[in-house]
Amino acid sequence: MDHELRIYDNIFEMMPDERNPTPIVRISKMNPSKDYLLYAKLEWANPFGSVKDRAAWAMLLDLERRGLLGPGREIVEPTSGNTGMSLAGMASARGYKMRAVVPNRVPLEKKVLLKVLGAELDVVPDDICPSPAVAEGSINRAKTYAKVASDRYVMPNQYENWNNVEAHYRTTGPEIWRQTHGQVTHVFVAMGTCGTAMGISKFMREQERKVKIVAVQPSANHDVPGLRSIGELDVSKLFDPAMVDEILEVDYRLAYQRACDLCQKEGLLASPSCGLVYEGAREVIEREKTGFGVMIFADNVLKYTSRMMAHLPELDPGQ
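In this text the structure is predicted, and so the values were computed from the model without any measurement. (Residues numbered from 1 in each chain as written. Predicted model: local features only at pLDDT ≥ 70, side-chain atom pairs only at ≥ 80, totals over all residues. Heavy atoms only, no water.)

## Things to note about the overall build of the chain
Step number 1: Within the chain one finds 9 helices and 10 strands.
Step number 2: Here the chain has a C-alpha radius of gyration of 19 Å; the compact-globule value for 319 residues is 20 Å, and the two agree.
Step number 3: Based on the C-alpha atoms only, the size of the chain along its principal axes is roughly 60 × 45 × 40 Å.
Step number 4: Out of the 319 residues in the chain, the part that is buried amounts to 59%.
Step number 5: Considering only residue pairs separated by 6 or more positions, the chain has 72% of its internal contacts joining residues 24 or more positions apart. (Helix = DSSP H or I, 4+ residues; strand = E, 2+ residues; numbered from the N terminus. Rg over C-alpha atoms; globule rule 2.2 N^0.38 Å. Buried < 20%, exposed > 50% of the residue type's maximum accessible area, 1.4 Å probe, protein only. Contact = heavy atoms within 4.5 Å.)

Written out as structure tokens, the structure is:
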């Protein structure tokens, strides 16, 4: 393994940590204040394409350590896409099978990619993010597999697995601290399982100086895959409101426009969730004027082209 020359014996040696962080890129044209430094942390640079690589790798290693994977054993997980893709790619590369249980409203691109990465797919009626309230939804279907066929299936359960939080405590938080030379004042993050926000917050609260964790949530009835508002967080056993300094709500329709703006003005292939996080950061910057912010850009726009076109009809190549 040679991080300097980028030479690796296998894909897992590319997993991020302080010595091999995902990049941060400065926002220039879309930064509303010249006295505020704003950076995007590009999590799509992870080997399997999203911030969820971190949690998936930690959960997979934990299952291996506990002897829960091997011949005849498969992973089953409810997912709106990214965690499932990370788990599927990693499992396939390590010789395991994976069954992903996904809501029917998940973008087609993600469903196809899950199969490309080797996952068997159960597509079920559900909210755009798996909901425990849907009796026949993704979460309950996956739990049924893990309970009824426990000799075959093991469920990492990203919504309750503390390895999800620890992955960001051990990697994402220290990376940000080192990349900003300890000068970061705000970290802007969206919420899904809340592992990212909780892990970064846990790390930052152990440093000498206060760093504000700002969570950005979509407005009601949103269709931004992978994200949850406060009212939808009952599914997560990881969320602790005391670990978040501020929660901002952004009109989910702006997520798509801001994603397009970031692509065209900053050259960043930002997904709708990135657009949402950027809009939240912009509001804070306009209020506070000075500071040093890092936005977690979870994945890129390439998985959401159909959804982008639905919200921004001018992107339809047939028009």
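There is more to say, and it comes next.
## Here's the deal with unusual backbone geometry
Step number 1: The backbone of Arg6 shows a phi angle near 60 degrees, a positive value even though the residue is not glycine.
Step number 2: Assignment of secondary structure puts Arg6 in the segment before β1 (24-26).
Step number 3: Phi is positive for Asn157, close to 60 degrees, though the residue is something other than glycine.
Step number 4: Within the secondary structure layout, Asn157 lies in the loop between β6 (153-154) and α5 (163-179).

## Quick notes on the pairing of strand β4 (residues 97-103)
Step number 1: With 6 of 7 residues buried, β4 is to be regarded as a mostly interior element.
Step number 2: Direction of pairing for β4 relative to strand β5 (residues 120-124): parallel, over a ladder of 5 bridges. Residue pairing across strands places Pro103 opposite Val124, the latter belonging to β5.
Step number 3: Running through helix α3 (residues 108-116), the crossover from β4 to the neighbouring parallel element β5 is right-handed. (Pairing = 2+ DSSP bridges. Right-handed = clockwise from strand over helix to strand, strands pointing away.)

## Details of α5
Step number 1: Spanning 17 residues, α5 covers 23 Å between terminal C-alpha atoms, matching the ideal 24 Å at 1.5 Å per step.
Step number 2: Tyr169 marks where α5 bends most, by close to 35 degrees.
Step number 3: All buried positions along α5 are accounted for by Asn163, Asn164, Val165, Ala167, His168, Thr171, Thr172, Gly173, Pro174, Glu175 and Ile176.
Step number 4: Residues of α5 that are buried in the fold lie against β2 (36-42), α1 (52-65), β7 (186-190), α6 (195-204) and β10 (291-297).
Step number 5: Residue His181 follows α5 closely and has a positive phi angle near 55 degrees. (Expected span 1.5 Å × (residues − 1). Bend = angle between axes of the 7 residues up to and from the residue.)

## Observations regarding the packing of α1 against α5
Step number 1: Running from N to C, α1 and α5 point in directions that differ by 130 degrees, and their axes come no closer than 8 Å. In terms of axis orientation, α1 runs oblique to α5. Along this stretch, α1 crosses α5, giving a crossing that reads as right-handed. Contacts between α1 and α5 involve Arg54, Ala55, Ala58, Met59, Asp62 and Arg65 from the former and Asn163, Asn164, Ala167, His168, Arg170, Thr171, Thr172 and Glu175 from the latter. (Axes fitted to C-alpha atoms, helices over the stretch in contact; angles between N-to-C directions. Parallel < 35°, antiparallel > 145°, perpendicular 65-115°, else oblique. Left-handed = near helix turned anticlockwise from the far one by under 90°.)

## Let's talk about the pairing of β10
Each regular strand displays side chains that alternate between the two surfaces of the sheet.
Step number 1: Extensive coverage of β10 is indicated by the burial of 6 of its 7 residues.
Step number 2: Where β2 and β10 come together, 7 bridges link them in parallel fashion. The partner of Leu38 across the bridge, within β10, is Gly293.
Step number 3: The pairing of β7 with β10 spans 3 bridges and is classified as parallel.

## Describing the sheet that holds β10
Step number 1: Read from one edge to the other, the open sheet built from 6 strands follows the order β1-β2-β10-β7-β8-β9, with strand pairing classed as mixed. The two strands at the open ends of the sheet, each matched to only one other strand, are β1 and β9 (246-250). Strand-to-strand, the axes of this sheet are offset by a mean angle of 25 degrees, without reference to chain direction.
Step number 2: Relative to strand β8 (residues 212-218), β7 runs parallel, the two sharing 5 bridges. Looking at the pairing, Val187 lines up with Ile213 of β8.
Step number 3: The strands that α5 touches are β1, β2, β7 and β10; relative to β2, the one it contacts most, it runs at about 140 degrees.

## Digging into the pattern of salt bridges
It is possible for side chains bearing opposite charge to pair when their charged atoms get close.
Step number 1: Following the criterion strictly, the structure yields 23 salt bridges and no others.
Step number 2: Three or more residues joined by partner-sharing salt bridges are found here, namely Arg258, Asp261, Glu279, Arg282 and Glu286. (Salt bridge = Lys/Arg side-chain N within 4 Å of Asp/Glu carboxyl O.)

## Some details on the state of the cysteines
Step number 1: Applying the stated criterion across every chain yields a total of 0 disulfides.
Step number 2: There is no disulfide at Cys260, and the cysteine sulfur nearest it, in Cys263, is 6.3 Å away.
Step number 3: On the accessibility criterion, Cys260 (9% relative accessible area) is buried. (Disulfide = S-S within 2.5 Å.)

## Digging into the packing of aromatic side chains
Step number 1: With the rule as written, the count across this model stands at 6 aromatic pairs.
Step number 2: Three or more aromatic residues link up through ring pairs in this structure, and these residues are Phe12, Phe48 and Trp57.
Step number 3: In this structure, Arg94 packs its charged tip against the face of Phe12, placed 4.9 Å from the ring centre.
Step number 4: When the ring centre of Tyr252 is taken as reference, the NZ or CZ atom of Arg253 above it lies at 5.6 Å. (Phe/Tyr/Trp six-rings, centres within 6.5 Å; stacked < 30°, edge-to-face > 60°. Lys NZ or Arg CZ within 6 Å of the ring centre and 35° of its normal.)

## A closer look at the nonpolar core
Within soluble globular proteins, side chains that are nonpolar generally end up buried alongside one another.
Step number 1: The biggest cluster of nonpolar side chains holds 36 residues, and the ones touching the most others in it are Ile27, Leu38, Phe188, Met295, Phe297 and Met308.
Step number 2: Every element with two or more residues in this core is listed here: β2, β7, β8, β9, α7 (252-266), α8 (272-288) and β10.
Step number 3: No other element matches the 7 residues that α8 contributes to this core.
Step number 4: In terms of nonpolar packing, the next biggest core, distinct from the first, is built from 27 residues, Ile24, Met191, Phe239 and Val294 among them. (Core = buried A, V, L, I, M, F, W, Y, C linked by side-chain atoms within 4.5 Å.)

Geometry only, nothing functional implied.
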